[in-house]
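Secondary and tertiary structure notes
Listed below, chain by chain, are the residues.
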Amino acid sequence: MTLAFDSDGAREIERLYSTPDIVRQRAEVLALLAPRPGERILDVGSGPGFLLEDLAAAVGPDGAAHGIDPSPAMNALAARRAGALPAVTLALGTAESLPYPDGDLDAVVSTQVYEYVPDIPRAFAELRRVVRPGGRVLLLDTDWDSVVWHVADRDRHARVMAAWEEHLVHPHLPATWARRLADAGFRVTAQTAIPILNPRFDENSYSALIARTIAAYVANRGGLTAADGEAWLADVRGGDYFFSMNRFCVLAEPE
Ligand SMILES: C[S@@+](CC[C@H](N)C(=O)[O-])C[C@H]1O[C@@H](n2cnc3c(N)ncnc32)[C@H](O)[C@@H]1O
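Here is a short report on the structure shown in this document. (Residues numbered from 1 in each chain as written. Predicted model: local features only at pLDDT ≥ 70, side-chain atom pairs only at ≥ 80, totals over all residues. Heavy atoms only, no water.)

**Topic: the site of the ligand**
With respect to spatial proximity, 19 residues lie near the ligand, and among them Tyr17, Gly45, Asp69, Ala95 and Thr111 are the closest. A distance of 2.7 Å separates a nitrogen atom of the ligand from a polar backbone atom of glycine 45. Surface burial for the ligand is 94%, taken as the share of its 590 Å² of free accessible area covered by protein chains. Tallied by class, the residues present in the shell around the ligand amount to ten nonpolar, seven polar and two charged. (Near = heavy atom within 4 Å. Polar contact = N/O pair within 3.5 Å; in protein donor to acceptor, adjacent residues only side chain to side chain. Areas by Shrake-Rupley, 256 points an atom, 1.4 Å probe, with all protein chains shown as cover. Nonpolar A, V, L, I, M, F, W, Y, C, P; charged D, E, K, R; others polar.)

**Details of unusual backbone geometry**
Positive phi values are uncommon outside glycine, yet alanine 34 reaches one of about 50 degrees. Mapped onto the fold, alanine 34 is located in the loop between α2 (20-33) and β1 (40-44). For glutamine 112, which is not a glycine, the phi torsion comes out positive at approximately 60 degrees. Structurally, the position occupied by glutamine 112 is in the loop between β4 (105-111) and α5 (120-130). (Helix = DSSP H or I, 4+ residues; strand = E, 2+ residues; numbered from the N terminus.)

**Re the packing of aromatic side chains**
Applying the stated criterion to the full structure yields eight aromatic pairs. An angle of 85 degrees between the planes, with centres 5.2 Å apart, marks the rings of phenylalanine 5 and tyrosine 116 as edge-to-face. Of the two residues, phenylalanine 5 sits in the segment before α1 (7-16) while tyrosine 116 sits in the loop between β4 and α5, which places them 111 residues apart along the sequence. The partly exposed category is assigned to phenylalanine 5, whose relative accessible area is 29%. (Phe/Tyr/Trp six-rings, centres within 6.5 Å; stacked < 30°, edge-to-face > 60°. Buried < 20%, exposed > 50% of the residue type's maximum accessible area, 1.4 Å probe, protein only.)

Limitation: the analysis is restricted to geometry and does not speak to function.
See the structure below:
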């Protein structure tokens with residue numbers, strides 16, 4: 001079962017994505033997307049609305065910053081954060097069926113979302129439909145094989161990571177982007193990695209918070225117990241602390 005983006009899940013993501021690691025990641029995403037005043041931009045799976053708020057500031061009152069998300073709890077957080085900005089609209093919906101006319105948008109951005117989307121060919125066909133000729137698409141997702149976490153019990157760690165892969169539909173999506181985007185009628189113009197590095201323990205870091213989520217998620221999955229999850233959490237926090245992972249970004253434009 002994938003992660004639930006209900007009100008508890010939405011608040012957890014909001015806290016996680018307020019850490020300096022993800023604030024830095026958003027700044028890099030914005031720099032790559034380079035939104036301009038007056039542009040019409042869609043954020044697919046806009047979640048708590050952090051990026052939407054930044055996009056609205058960049059496009060200004062003459063542009064549009066659309067957010068779409070299937071989770072009412074996420075949209076409520078986004079409305080509170082960015083709903084009053086003149087460029088912002090929020091809709092309930094999914095990546096597989098975008099409620100925008102053909103060629104309506106200058107750009108579409110989506111961070112940490114397509115890894116949860118079951119039907120990627122359909123979702124990429126929708127992306128291709130709504131982006132205007134000469135427009136651009138920026139996607140960011142994780143490959144969970146990119147994680148380096150220092151632990152004493154590597155065997156248990158491997159079992160925890162395997163169970164955690166069930167929290168999303170595509171744990172290794174970025175490696176397939178180029179082919180899948182080409183199949184949908186896009187040309188990839190850039191690919192880049194954005195590392196997250198936590199070389200020491202800090203309660204307000206991405207890795208400290210996601211570790212708690214992972215420990216709770218893996219309880220009673222893949223042959224692991226709640227005690228296994230807690231023991232793994234103590235293991236990553238004990239001794240020498242070290243965490244690193246990559247987010248991957250792709251920029252593409254319609255062929
Ligand atoms: C990890 S959160 C990322 C939120 C936001 N993009 C960010 O980076 O702050 C994943 C989001 O994807 C949304 N989501 C899940 N399945 C989706 C789908 N099929 N189409 C669009 N959004 C989806 C969830 O509701 C959630 O808000």
